[in-house]
Structure formats: structure tokens, C-alpha cells
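Given next are the chains, with one letter for each unit.
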Amino acid sequence: MSTPVRALTLEQLRERTSEKWREYPADVLPLFVAETDFPLAPAITRALERAVAAGDTGYVASRTPLPAAYSEFARRRFGWTPDPVRMRSTADVSMGIVEILRRVTAPGDRVIVMPPVYPPFYDLVEEAGAIVERVPLRDTGAAWEIDLDGIRAALETGARAVLLCSPHNPTGTVHTSESLAALAALAAAHGATVISDEIHAPLAQPESAFTPFLAVSDAAREVGYAVISASKAFNLAGLKCALMVTASDGPTGVVRALPVEVEWRTGQFGLIAATAAFSEQSDDWLDGLLATLDENRQLLAALLAEHLPGARYRIPDAGYLAWVDLTDLGWGDNPARRILREAKVALHYGPAFGAEGAGHVRLNFGTSPEILTEAVARIAALRDS
Ligand SMILES: Cc1ncc(COP(=O)(O)O)c(C=O)c1O
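Predicted, not measured: the structure shown is a model, and the values here were computed from it.

S.K.: Quick rundown of the state of the cysteines? Include the residues and the values.
M.R.: Under the criterion given, the structure shown has 0 disulfides. C165 takes part in no disulfide bond, and the closest cysteine sulfur, belonging to C241, lies 19 Å away. C241 gets classed as buried once you look at its relative accessible area, which sits at 9%.

S.K.: Which residues make up the environment of G332, and what are the values?
M.R.: Mapped onto the fold, G332 is located in the loop between β12 (321–325) and α14 (335–343). Sequence separation between G332 and A358 is 26 residues; the distance between their C-alpha atoms is 7.9 Å.

S.K.: Residue-level account of the nonpolar core, with values.
M.R.: Judged by nonpolar contacts, the single largest core of 103 residues is most densely connected at Y70, F213, F234 and I339. For this core, the element with the highest residue contribution is helix α13 (residues 283–307), accounting for 8 residues. Counting contributing residues per domain, this core is built from domain 1 (10–40 + 283–384) and domain 2 (44–280), each supplying no fewer than three. Aside from chain neighbours lying at most four places away, what touches I339 is L326, W331, K344, V345, L347, V361, I379 and L382. In this structure, L101, V113, V125 and A130 belong to the second largest nonpolar core, which totals 27 residues.

S.K.: Give me the site of the ligand: which residues, what numbers.
M.R.: In the vicinity of the ligand, the residues found are A34, D92, V93, S94, Y118, C165, N169, D197, I199, H200 and K232. Between the ligand and N169, the relevant distance is 2.8 Å, taken from an oxygen atom to a side-chain nitrogen or oxygen of the residue. With the chains in place, 93% of the 390 Å² that the ligand exposes on its own is no longer accessible. Partitioned by chemical class, the residues of the shell around the ligand number 5 nonpolar, 3 polar and 3 charged.

S.K.: How would you sum up the sheet that holds strand β4 (residues 131–134)? Please name residues and give values.
M.R.: The strand order β2-β10-β9-β8-β7-β3-β4 describes an open sheet built from 7 strands, whose pairing is mixed. Across the chains shown, the open sheet's two edge strands, defined by having one partner strand only, are β2 (87–90) and β4. In this sheet, adjacent strand axes meet at a mean angle of 25° when their direction is disregarded. As judged from the 4 bridges shared by strand β8 (residues 193–197) and strand β9 (residues 224–228), these two strands associate in the parallel manner. When the bridges of β9 are listed, S196 appears paired with A226. Each of β2, β9 and β10 (242–245) is contacted by helix α10 (residues 249–256), which is oriented at about 50° to β9, the strand it contacts most.

Calculation rules
- Residues numbered from 1 in each chain as written.
- Predicted model: local features only at pLDDT ≥ 70, side-chain atom pairs only at ≥ 80, totals over all residues.
- Heavy atoms only, no water.
- Disulfide = S-S within 2.5 Å.
- Buried < 20%, exposed > 50% of the residue type's maximum accessible area, 1.4 Å probe, protein only.
- Helix = DSSP H or I, 4+ residues; strand = E, 2+ residues; numbered from the N terminus.
- Core = buried A, V, L, I, M, F, W, Y, C linked by side-chain atoms within 4.5 Å.
- Domains from an automatic or database assignment.
- Contact = heavy atoms within 4.5 Å.
- Near = heavy atom within 4 Å.
- Polar contact = N/O pair within 3.5 Å; in protein donor to acceptor, adjacent residues only side chain to side chain.
- Areas by Shrake-Rupley, 256 points an atom, 1.4 Å probe, with all protein chains shown as cover.
- Nonpolar A, V, L, I, M, F, W, Y, C, P; charged D, E, K, R; others polar.
- Pairing = 2+ DSSP bridges.
- Axes fitted to C-alpha atoms, helices over the stretch in contact; angles between N-to-C directions.

Below is the structure:
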């Protein structure tokens, strides 16, 4: 049995100065941006305290323990052992995606994204000089899945890359290894690239059978890049550290050829914290967090069923983000606006994730049962007002 990981109290959380706790006034419950309300894993606290005490605040070294720590983490958690020599660090996942996209596309090339999807994906493609091609996830009525026919059609007409979100934000979908292998085969057949954003992978629930993209097939290793980070599971976004991971010579060569500045932008504290996060010392903490998030995703289902029966919500396979369809409540295309104004609960706006997000909200349940319960009660009270 792992040790349970419990969220801080509202009073403690209001001491924080990050985006989640400073964007809105104190009467708003913030369940929007993807930060969590848990204390740091003890191994991370110890590593950062050591670094502060030693004044270890210079640039990241050119050789660091992080790639090997991630390789071992992936072996323990996903049964896959990537080669540390084929990885490089950078400041964050977004920067890794843009830098790779810049190398694998020419200006004006089309890059496939799968809405509803993490809104900055649209901006990252543009920042790299490419153009977004939307191939929405298919809603089977019971789950979301990659639209392989849509992707084939886009690749046949010249799309050059696929920006995959695995697990998928905001739906929390863990893609099947079969669908990932089929995606890799399609990309290989069309000489296209797949960039797999696996920032939420450490938060895949045990029964979801998450498979890293680069582990699914030889074709995936030939066409693929993964960009990973400890920042979502371990709440380290402000420390700035991510890894670009490759598993065959072509992509490894591309990542090696990136300007050294891309690596220099890695945060030293981020690197220290991520190394501690991926070490064995944090496994028990991560298991405890997953158990807590499992309770929360079920609690949210129960709360919505009881207090907001018009809401439609599928329990996510991974992470702490819930994609909730409020269309039937008749609160318009962007219900989060009214919820913020009148219920004083901050959620992410559904339409920001793409046209498929009309009528939806994204709710962050990486918090305490008390805050989650209060948030749903506030939203449900709007029904009667
Ligand atoms: C799918 C996905 N990718 C990237 C990011 C941002 O990561 P970073 O801060 O490392 O750029 C997030 C943040 O929530 C995310 O959900």
C-alpha cells in the first residue's frame, strides 16, 4: 500500500503565488490551470533544499543524471527502457515541441492536431511557422479515439507532422497501443513525423495500460519524438525542465543538431527536481497520488450525478483534468464564463480547446475532496438561480 497523498488546505494554498492562486480574487475557487494542490514529493523537497543550502543555482551541466533517471522511471512504470544517450533537455514541453517542429517542417507545412486539445497546441504549431490541420478525435459514444482515417486523408494530401497528445488533454484518454502503432505506420508510409507530448504519462492510471509512443513499434521509433516532463505529475511547471526523447538515428540526429541554447534554457532547479521525481524514491509518492486522483475522478462522477445530472462526464484514464459537457444545461457555448461570474469557480473555457469544446468546461480535480465538493455545489446552485 502506498502512502496517501493529501491536498493542502485552502488556507495553505492561498499562500502560494503561482498562476492558479493569483489570477482570481480570493472568493473564487480556482480549478482551471493545470497545477495541483498537493505538497511536493519528499524526495523533491529534499533535493531542492540541498540545492538552496549549497547555492547550487548555476547553469545546468552538459552531462546530467536526468536522462538516466527518466530511462529507469520508464522501465519501472511503462516497461520500456529508452536510451539516455538519445535524449536532451530543454526548458519545457512547449519549447521542445516548437524546436522539433521547426526542424521537421518547412514554413507553411501542415501539422495535424486532434481537437478538442490543449489550446496552446494551436499556437505552438504557428510559432514553428507551420499551419494547423484539425483532425478531431472520434467520439464513439463511449470513448474518444484517434481518427486514423482522418489522419490518413490529411497525410495523403500532404500534412507533414502529427502533434499527438498522449495521454490526451482535455479528455484524459490513454490511446491504445494498437491505435498508436497504426498512427506510426501511417506516418512512416507518408514520410511524416509524430511528436508525442507525454507530459501527462506519469499520471496514467494503472489499469489504463499507457504505452509510450516510441515503445509501440519500429515505425514509431523511426518517425517519432516524445517530449516528456515531471512537471504535471509532480507540480513543477515553474521550475522549467523537460526532455526530448528519441529512439532511432534520424530523430536523435535532429535533436543533437539543435542549438546548444535550447538545452541551456533548462532550469537548474527543474533538472534537480525532475531527477528526484523520476528516481525510485518518489515511486511511493506517485502511487499515492494516483490513488488520490482515482478517488477524486470517481467523486466527481458521483457529485455531478447527484447535483448536476445534466452534465456529461466520462471518467478519464489519466491525469487530473475532467472534460465536462454542460450543453444540456443550456448555459451557452462557453458555460465557464457564467460559472466564473456567478458561481465563483474558475474552470477552463471549453471553446478554447477547439470548436468541439462548445458547451464544455475543463475542470481540474487535482485538489481536495472538500474543494471539489464545494465547487460542484456552487455550480449546481446556478441551476436554481
Ligand atoms: C498536454 C500538455 N502539454 C504541454 C503542457 C505545458 O507544459 P510545459 O509547461 O512543460 O510547456 C501542458 C500543461 O498543462 C499540457 O497539458
